[in-house]
Amino acid sequence: MNEKGVIATTRPRLGPSRLVLAVLGGALLLWLAGLVWFADTMPSEIADPSTPTDAIVVLTGGSQRFDAGLELLAAGKAKKLFVSGVHHGVEIADLLHLAHRAPDAASAEGLACCIVLGHAADSTIGNALETASWMRREGYHSLRLVTAGYHMRRSLFEFARAMPEIRIIANPVFPEQVKLADWWAWPGTAALIVGEYDKYLAALLRAALGQPVVTPDVMGAS
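Quantities reported herein were computed from a predicted structural model and do not represent experimental measurements.

A few words now on the overall build of the chain. Within the chain one finds seven helices and five strands. Each helix and strand of the chain, ordered N terminal to C terminal, gives the series α-β-α-β-α-α-β-α-β-α-β-α. For the chain, the proportion of its 222 residues judged to be buried stands at 37%. Of the contacts made within the chain by residues no fewer than 6 positions apart, 79% connect residues no fewer than 24 positions apart. Just so you have it, the chain exposes about 12700 Å², and 61% of that area is on carbon and sulfur atoms.

A few words on the packing of aromatic side chains. Overall, the coordinates contain seven aromatic pairs when judged by the stated rule. Ring centres 5.5 Å apart and planes at 50° place the aromatic pair phenylalanine 38 and tyrosine 197 in the tilted group. Of this pair, phenylalanine 38 sits in helix H1 (residues 16-40) while tyrosine 197 sits in helix H7 (residues 187-208); the two residues are 159 residues apart in sequence, bridging distant segments of the chain. For the pair shown, phenylalanine 38 and tyrosine 197 are each scored as buried. With a centroid separation of 5.6 Å and an interplanar angle of 80°, the aromatic rings of tryptophan 134 and tyrosine 140 are classed as edge-to-face. The pair tryptophan 134 / tyrosine 140 is uniform in exposure class, with both members buried. An aromatic cluster is present here, built from Trp31, Phe38, Phe157, Tyr197 and Tyr200 joined pairwise through their rings.

Bringing the nonpolar core into the picture now. As a rule of thumb, soluble globular proteins bury nonpolar side chains together. Ranked by internal contacts, the top residues of the largest apolar core, which has 19 residues, are Ile56, Phe66, Leu70, Leu81, Val83, Ile115 and Val146. The set of elements that each furnish at least two residues to this core consists of strand S1 (55-59), helix H2 (63-74), strand S2 (80-84), helix H3 (92-98) and strand S3 (115-118). Beyond its immediate sequence surroundings of up to four residues, phenylalanine 66 is in contact with Val58, Leu81, Val83, Leu95, Leu96, Ala99 and Ile115.

For the chain, the mean per-residue pLDDT works out to 87, and 85% of the residues sit at or above 70. Note that residues 216-222 has pLDDT below 50 and, in this model, 16 contacts with residues that lie over four places away or in other chains.

A few words on the packing of helix H6 (residues 149-162) against H7. Between H6 and H7, whose axes approach to 9 Å, the crossing angle comes to 20°. Classed by the angle they form, the pair H6 and H7 counts as roughly parallel. Note that H6 runs across H7; the crossing there is left-handed. Each of Tyr150, His151, Arg153, Arg154, Phe157, Glu158 and Arg161 in H6 lies in contact with H7, whose residues at this interface are Leu192, Glu196, Lys199, Tyr200, Ala203, Leu204, Arg206 and Ala207. Looking at the contact of H6 with H7 residue by residue, the classes come out as seven nonpolar, one polar and seven charged.

This part is about the packing of helix H5 (residues 124-138) against H6. Running from N to C, H5 and H6 point in directions that differ by 45°, and their axes come no closer than 9 Å. By the criterion of interaxial angle, the relationship of H5 to H6 is oblique. By crossing handedness, the relation of H5 to H6 is classed as right-handed. Taking contact as the criterion, the partners of Thr124, Ile125, Asn127, Ala128, Leu129, Thr131, Ala132 and Arg136 in H5 are, on H6, His151, Arg154, Ser155, Glu158, Phe159 and Ala162. Taken together, the residues that form the contact of H5 with H6 break down as six nonpolar, five polar and three charged.

The subject of this paragraph is a nonpolar patch on the surface. Together, Val20, Leu21 and Leu24 make up a nonpolar patch on the protein surface, roughly 310 Å² of accessible area in all. Inspection of the secondary structure puts leucine 21 in helix H1.

Moving on, we come to the pairing of strand S5 (residues 167-173). Examined bridge by bridge, strand S4 (residues 142-148) and S5 share seven bridges and lie parallel to one another. Within S5, the residue paired with leucine 143 across the bridge is isoleucine 168. Regarding topology, H6 serves as the crossover connection from S4 to the parallel S5, and that connection is right-handed.

Taking 1.5 Å of rise per residue, 14 residues should cover 20 Å, and H6 covers 20 Å from first to last C-alpha, within 8% of that figure. At serine 155, H6 shows its largest kink, close to 25°. Within H6, burial applies to Gly149, Tyr150, His151, Met152, Arg154, Ser155, Glu158, Phe159 and Ala162.

Cut-offs and rules
- Residues numbered from 1 in each chain as written.
- Predicted model: local features only at pLDDT ≥ 70, side-chain atom pairs only at ≥ 80, totals over all residues.
- Heavy atoms only, no water.
- Helix = DSSP H or I, 4+ residues; strand = E, 2+ residues; numbered from the N terminus.
- Buried < 20%, exposed > 50% of the residue type's maximum accessible area, 1.4 Å probe, protein only.
- Contact = heavy atoms within 4.5 Å.
- Areas by Shrake-Rupley, 256 points an atom, 1.4 Å probe, with all protein chains shown as cover.
- Phe/Tyr/Trp six-rings, centres within 6.5 Å; stacked < 30°, edge-to-face > 60°.
- Core = buried A, V, L, I, M, F, W, Y, C linked by side-chain atoms within 4.5 Å.
- pLDDT = per-residue confidence, 0-100.
- Axes fitted to C-alpha atoms, helices over the stretch in contact; angles between N-to-C directions.
- Parallel < 35°, antiparallel > 145°, perpendicular 65-115°, else oblique.
- Left-handed = near helix turned anticlockwise from the far one by under 90°.
- Nonpolar A, V, L, I, M, F, W, Y, C, P; charged D, E, K, R; others polar.
- Patch = residues over 30% accessible without salt bridge, like charges linked within 9 Å, V, L, I, M, F, W, Y side chains within 5 Å.
- Salt bridge = Lys/Arg side-chain N within 4 Å of Asp/Glu carboxyl O.
- Pairing = 2+ DSSP bridges.
- Right-handed = clockwise from strand over helix to strand, strands pointing away.
- Expected span 1.5 Å × (residues − 1).
- Bend = angle between axes of the 7 residues up to and from the residue.

Structure, rendered in structure tokens:
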């Protein structure tokens, strides 16, 4: 009771441990909300399947990606097909041989001259830098990016940072083993999406902290 006879009340204060738990709980809720948004807004179709570009760029990571790039090249959607992140020792003939929908021998020989392999990249950032270096050497101004739908948002983010002057059209592919419908019920798909979401958050954090994009000129010639 104070001097005026009014009973003084104080709000209960959170102890240090409860405060930490509250902060962690809030952060977890934000992370979960972001995960739901990330999964629900993954591309489910190719928004622009027809606009031609200077180049088609395929990020390694599945045969379906190269198949899609090869079909686009055969359809005349670009001048060249650039495959980024190819293992050393792998040649164009090897990729054509493994392609599920490889063209006939005459067509394959004709397309091979328009396919370029990049061997320097070993990550999505590396893909972006390697591609930016090649695009500038070629004098190209637009590309169609082919990668898996779950990987597209992060790829577009890294590519836009590495080459903001380039027009990029997303061309996602959709691996059958990735079950986007009810993704949380499929352990393999859930783990894949969570991992990709965390990598996307890390990319956003690097950009927010002002981490510079390494100049693509440091990448080796493709």
